[in-house]
Amino acid sequence: MDDRLKRALIAVLFLVAVAGIGFVLYLVFFKKLLSPPATPSTPPVTTGGGTGTLPGAGSGVIIPSTPGTAPGTLPTAGTPGTGAAPSPSEVVPQTALLNDGVTQYVSASTDGRGARYYNPTDGLFYRIGPDGVAIAMSDTTFPNVEGVSWGKASDQAILSFPDGSNVHFDFRTNTQSTLPAHWEDFDFSGDDRQLVAKSLALSPGSRYLVVSNPDGSNPKAIEPLGNNAGKTFPVWTPNNQIIAYAEVGEARGFDRQEIILVGQNQENFRALQVEGRGFLPKWSPDGRTVLYSVWNAAGSYRPELWVSGGDPDGVNRDRAKLDLFTWADKCVWADNVTLYCAVPDSLPTGAGLQPDLFRTLPDTLYKIDLRTGAKSTLGKPAGGRAARNLVITDDKRHILFTDAQTGQLYDFRIP
């Protein structure tokens, strides 16, 4: 091939390359610029928000949590197409204030619909339900009440005062009687026909556990207390078999103790074996099971819940740890196999040694089924409240509680 032909071929290839590059540039740039703009789609319309603002959230409501869901998680969606979510106006707040004053010595009302309490501001006793309507139980005022032991089946109580005096008051008849000033730590029998107390004379040899009528008549010495009065605690169980317990059992090491159960007739009951110190009990409605809290080294000295057979025929039977760190007096029996407990969200090491320092920590409410061992989360009282003096209504729909910080009474609707 001669030089002229070579130069001609090179020229042709150059022109083809330039044309190709020009075509590609046209496709990439110029076609977009020359194409007509696309018609924009219509944006969605929102109401309630102006330019540069978000739509309003509407009225604030407290959404009840779903049983069985852990805090901070959402409940499962359920079966699709089975219903719509309620509107904000249909959602019932889970926590409602019942009384904005201080409520003391809260106890379940005898009708099962709410609670009884003492108002230190006016010195009156009231009955209240989830509707928040407080009704005075009597027009008799009692200023400066220092302690109340409520009847369990009827509206009567032992009232204690700072000067050491003790008064039995029957709200049904508006009658009262005076009990000995050296008696203390009262507890009624299940039918309220008798009560148990400690008779604390100056001499240790004259100190006894006593049983009497509610007005103090017909007293009977049951057991000598001697120097163990501070280790003995009157508690009349619902089945009438136990009237007190005492922390005077044999030493079983630092993390175990024996609790002596005391009957009315000097029975020799088997001791209750507990895995820790700081024993705090609450017997079931039939008296056959005892819930209690104790602290030990394995639990970092925090109060931990246990259940055990609690009557003389079944003591220590089916003993089990519930794996919840709280005090037994922050729980309430709904029936013989169901418990509701207020559990602090976080308890530090050593909380069991100084419980008063940690009583105002925010709580989460739990339901415990002793038949299956299942524990479900009910939710947190609104406002990060610490619940004490729990009362459950007979219909199992409401838990009334006192806020440990303010003393105000609240209703927690069970979801």
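What this report covers is the structure whose coordinates are included nearby. (Residues numbered from 1 in each chain as written. Predicted model: local features only at pLDDT ≥ 70, side-chain atom pairs only at ≥ 80, totals over all residues. Heavy atoms only, no water.)

Observations regarding the environment of Phe254
To keep things clear, this is the line we draw: Put simply, DSSP H or I for four residues or longer makes a helix, DSSP E for two residues or longer makes a strand, and each gets a number counted from the N terminus. Buried residues are those whose accessible area, probed at 1.4 Å on protein chains only, stays under 20% of the maximum for their type, while exposed residues exceed 50% and partly exposed ones sit between those limits.
With respect to the secondary-structure elements, Phe254 resides in the loop between strand 15 (244–246) and strand 16 (257–262). Given a relative accessible area of 52%, Phe254 falls into the exposed group. Remark: the alpha-carbon pair of Phe254 and Arg277, spanning 23 residues in sequence, is separated by 7.9 Å.

Examining the packing of aromatic side chains
Here is the rule we go by: In this analysis, rings of Phe, Tyr and Trp, with Trp reduced to its six-membered ring, are considered paired at centre separations within 6.5 Å, and the interplanar angle assigns stacked below 30 degrees, edge-to-face beyond 60, and tilted for intermediate values.
Evaluated as defined, the whole model comprises 14 aromatic pairs. A ring pair is formed by Tyr117 and Tyr126, whose centres lie 5.6 Å apart and whose planes are at 20 degrees; its orientation type is stacked. With respect to class, Tyr117 is no different from Tyr126; both count as buried. For the ring pair Phe169 and Phe171, a centre distance of 4.8 Å and an interplane angle of 75 degrees mean the geometry is edge-to-face. According to the relative accessible area criterion, Phe169 is buried, its value standing at 1%. By relative accessible area, which is 8% here, Phe171 ends up buried.

Examining the sheet that holds strand 18 (residues 277–283)
The following threshold applies: Pairing between two strands is assigned when DSSP locates at least 2 bridges connecting them.
The four strands are arranged 18-19-20-21 in an open sheet whose pairing can be described as antiparallel. Each having just a single partner strand, strand 18 and strand 21 (320–321) make up the two edges of the open sheet. Relative to strand 21, strand 20 (residues 304–309) runs antiparallel, the two sharing two bridges. Residue Trp306 lies in a different strand from strand 21, and its bridge partner there is Lys321.

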